[in-house]
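Residue-level listing of the chains:
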Amino acid sequence: MSQDDGTAAARWTAKAELCAVGRDKPLLVALAAIFCLYCGVVAGPILYAFLAIRGMAEFFK
């Protein structure tokens, strides 16, 4: 392990990670919105159709 590797590892802290998340907040919000739209528009109907074929969709009505 070289000295550069040691200093890079020493610079990693939980506080640094939290600051990075704070800087990336717009990206995280956009990814969360895309995920929610995907679940509601794509995955939800596919899952419901699968359950309807299996005869279990009445549970969700």
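Just so it is clear, the model here is predicted, and its values are computed rather than measured. Sequence order as written defines residue numbering, which begins from 1 separately in each chain. Local features in a predicted model are, by the rule used here, given only for residues with pLDDT of at least 70; side-chain atom pairs are given and counted only at 80 or more, and totals for whole chains, interfaces and linings are based on all residues. Heavy atoms throughout the structure, all of them, feed into the side-chain values; hydrogens and water do not.

Q: Explain the overall build of the protein chain to me, and be specific about the residues and the numbers.
A: Check the secondary structure of the protein chain and you find three helices and zero strands. Its helices and strands in sequence order give the protein chain the pattern α-α-α, from N to C terminus. Across the 61 residues of the protein chain, 3% fall into the buried class. Runs of H or I in DSSP of at least four residues are treated as helices and runs of E of at least two as strands, each being numbered from the N terminus. Each residue gets one of three labels from its accessible area relative to the maximum for its type: buried under 20%, exposed over 50%, partly exposed in between, using a 1.4 Å probe on protein chains only.

Q: Mind laying out the confidence of the model for the protein chain, listing which residues take part and the relevant values?
A: Note: pLDDT gives the predictor's confidence per residue, expressed from 0 to 100. In the predicted model, the protein chain carries a mean pLDDT of 78, and the fraction of residues at 70 or more is 74%. Averaged pLDDT values for the elements of the protein chain fall to 58 in helix α1 (residues 3-11) and rise to 88 in helix α3 (residues 25-54).

Q: I'd like a description of the state of the cysteines, backed by residues and values.
A: Think of a disulfide as a covalent bridge from one cysteine sulfur atom to another cysteine sulfur atom. Cysteine sulfur atoms are paired as a disulfide whenever they fall within 2.5 Å. What the rule picks out here adds up to zero disulfides. In this structure C36 is a free cysteine whose sulfur lies 6.6 Å from that of C39, the closest cysteine sulfur available.

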